[in-house]
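The chain contents come next:
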Amino acid sequence: MAGAGISTSAGIPDFRSPGTGLYDNLQKYDLPYPEAIFTLDYLRSKPEAFFTLAKELYPGNFDPTPCHYFIKLLQDKGVLLRHYTQNIDTLERAAGVRDDLLVEAHGSFAQAACIDCSHRHDTEWVKSQIDKDAVPRCESCGGIVKPSIVFFGEDLPRRFGQLVSEDFEKCDLLIVLGTSLTVHPFAGLATMPKPEVPRLLINRDSVGERDILNPDGFDFIRTNRDARYLGSCDDGVWHLARGLGWASDFEALLPEK
Ligand code: APR
């Protein structure tokens, strides 16, 4: 399961890193609070903010990182049960992760619909509107057309609910990559594997640790169930690939420098 930390080395800011995170760099939008840019109320009041951000983040402007290719390597080795991502940059797809092994839990730019009448719109047309700094308007009712990115308060894609129980019943190793584990229900996935299933956190900060509010969180001290690599995701997956004897297979996946 992954978050924005696996894409920062591609040049896409994460959300909460002090100083560099997106939420520290939205002053120009005069938001009541940072996450407002991903709420429907604010979208209705000031749509320009989200669509300016969408233009910056739109897929196609960035390349996958070694971490994305490591997920592809797990797939090639036949050990990837499923990759749950919070990211909307579709870099897992660009790295070759198969659609059936992917759950884009916070949606993506792959579809677009009117927030009032739900009328679906062509994403190429939506992108053309975004590129010319226009707010895409519904051809049926004039409402705002939003890419199918999950806003705060919206339901996660149906696929998430359809797969999560069975996947975490089968899960025999959970790898958590580049996320602060602050946004539910996605963050709750980290506590879903069975108690005997090992969990590996690869992240710059230690997150998701056990406490009174998170009794099933990571316990890196008292048990040997949970392990952590604190550092860059790219370095962490290289460390893991070498430990697995997969360094040359991993190297072969990476694009020429
Ligand atoms: N290597 C390792 N860890 C990194 C790196 C990196 N190169 N870059 C950032 N990190 C870590 C940060 O230290 C942080 O712990 O990744 C984590 C990123 O956390 P967030 O910025 O909160 O991003 P994420 O967890 O994906 O946010 C979840 O919040 O606003 C919503 O919908 C949005 O999907 C997003 C959700």
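Rules used throughout
- Along each chain, numbering runs from 1 in the same order as the chain's sequence is written.
- The predicted nature of this model means local features are confined to residues of pLDDT at least 70 and side-chain atom pairs, given and counted, to a pLDDT of 80 or more, with totals for whole chains, interfaces and linings taken over all residues.
- Working from all heavy atoms in the structure, the side-chain values ignore hydrogens and water.
- UniProt positions are given in the numbering used here, feature names are shortened, and annotations may be inferred rather than shown by experiment.
- Only protein chains enter the area calculation, which uses a 1.4 Å probe; residues under 20% of their type maximum are buried, those over 50% are exposed, and those in between are partly exposed.
- Helix and strand definitions follow DSSP, with helices as H or I runs of at least four residues and strands as E runs of at least two, each counted in order from the N terminus.
- Here, two residues are considered to be in contact whenever any of their heavy atoms come within 4.5 Å of each other.
- Any carboxyl oxygen of Asp or Glu that lies within 4 Å of a side-chain nitrogen of Lys or Arg is treated as forming a salt bridge with it.
- For two strands to pair, DSSP has to find at least two bridges joining them.
- Axis geometry follows a simple rule: fit a line to the C-alpha atoms, using only the stretch in contact for helices, then measure angles between N-to-C directions, giving values from 0 to 180 degrees.
- Proximity criterion: a residue is near a molecule or strand once any of its heavy atoms comes within 4 Å of it.
- By the criterion applied in these results, polar contacts are pairs of N or O atoms within 3.5 Å in which, for protein atoms, one can donate a hydrogen and the other can accept it, and in which residues neighboring in sequence qualify only through two side-chain atoms.
- In these tables, accessible area is a Shrake-Rupley quantity obtained with a 1.4 Å probe, and a residue counts as shielded only by the protein chains included in the view.
- Side-chain classes are defined by residue name, with Ala, Val, Leu, Ile, Met, Phe, Trp, Tyr, Cys and Pro counting as nonpolar, Asp, Glu, Lys and Arg as charged, and the others, Gly among them, as polar.

Under an unreviewed UniProt entry, the chain has the name NAD-dependent protein deacetylase and belongs to Monosiga brevicollis. What the UniProt record of the chain gives under Sequence similarities (unreviewed entry) is the line "Belongs to the sirtuin family. Class I subfamily." We quote the UniProt Catalytic activity (unreviewed entry) comment for the chain here in full: "N(6)-acetyl-L-lysyl-[protein] + NAD(+) + H2O = 2''-O-acetyl-ADP-D-ribose + nicotinamide + L-lysyl-[protein]".

Another aspect to go through is helix α3 (residues 66–76). Here α3 lies mainly inside the structure; nine of its eleven residues are buried. Of all the residues in α3, the buried ones are Cys67, His68, Tyr69, Phe70, Ile71, Lys72, Leu73, Leu74 and Gln75. Here the buried face of α3 lies against β1 (83–85), α4 (91–94), β5 (174–177), α7 (233–243) and α8 (247–253). Within two residues after α3, glycine 78 carries a phi angle of roughly 75 degrees, on the positive side.

A separate point is the pattern of salt bridges. This structure, assessed with the given rule, holds 20 salt bridges. Residue glutamate 56 pairs with lysine 28 through a salt bridge whose shortest N-O separation is 3.5 Å. In this pair, glutamate 56 is assigned in helix α2 (residues 47–57) and lysine 28 in the segment before α1 (40–45), connecting sequence segments 28 residues apart. By relative accessible area, glutamate 56 is classed as partly exposed at 39%. Judged by relative accessible area, which is 61%, lysine 28 ranks as exposed. When salt bridges that share partners are traced, they join Arg93, Asp99 and Glu104 into one network.

Moving on, we get to unusual backbone geometry. A cis amide bond links histidine 184 with the next residue in sequence, proline 185, at an omega value of 10 degrees. Assignment of secondary structure puts proline 185 in the loop between β5 and β6 (199–203). One non-glycine residue, threonine 90, lies in the positive phi region at around 55 degrees. With respect to the element layout, threonine 90 can be found in the loop between β1 and α4. Since its relative accessible area comes to 18%, threonine 90 is described here as buried. The backbone of leucine 181 sits at a positive phi, close to 55 degrees, despite the residue not being glycine. With respect to the secondary-structure elements, leucine 181 resides in the loop between β5 and β6. Taking relative accessible area as the criterion, leucine 181 reaches 13% and is therefore assigned buried.

Now for the sheet that holds β5. Sheet architecture is open: three strands sit in the order β5-β6-β7, paired in parallel fashion. The sheet is open, and its two borders are formed by β5 and β7 (226–230), each paired with just one other strand. The mean inter-strand angle of the sheet, taken between neighbouring strand axes irrespective of direction, is 15 degrees. In this sheet, β6 lies alongside β5 in parallel orientation, the contact comprising four bridges. When the sheet's bridge partners are listed, isoleucine 175 is paired in β6 with leucine 200. Across the sheet, α7 touches β5, β6 and β7, and the angle it forms with β6 is around 140 degrees.

Quick look at the site of the ligand now. Inspection of the region around the ligand gives 22 residues, with Phe15, Arg16, Tyr23, Thr179 and Ser180 positioned closest. Here threonine 179 contributes a side-chain N or O atom positioned 2.7 Å from an oxygen atom of the ligand. The fraction of the free accessible surface of the ligand (740 Å²) that becomes covered by protein chains is 94%. Partitioning the shell around the ligand into residue classes produces six nonpolar, twelve polar and four charged.

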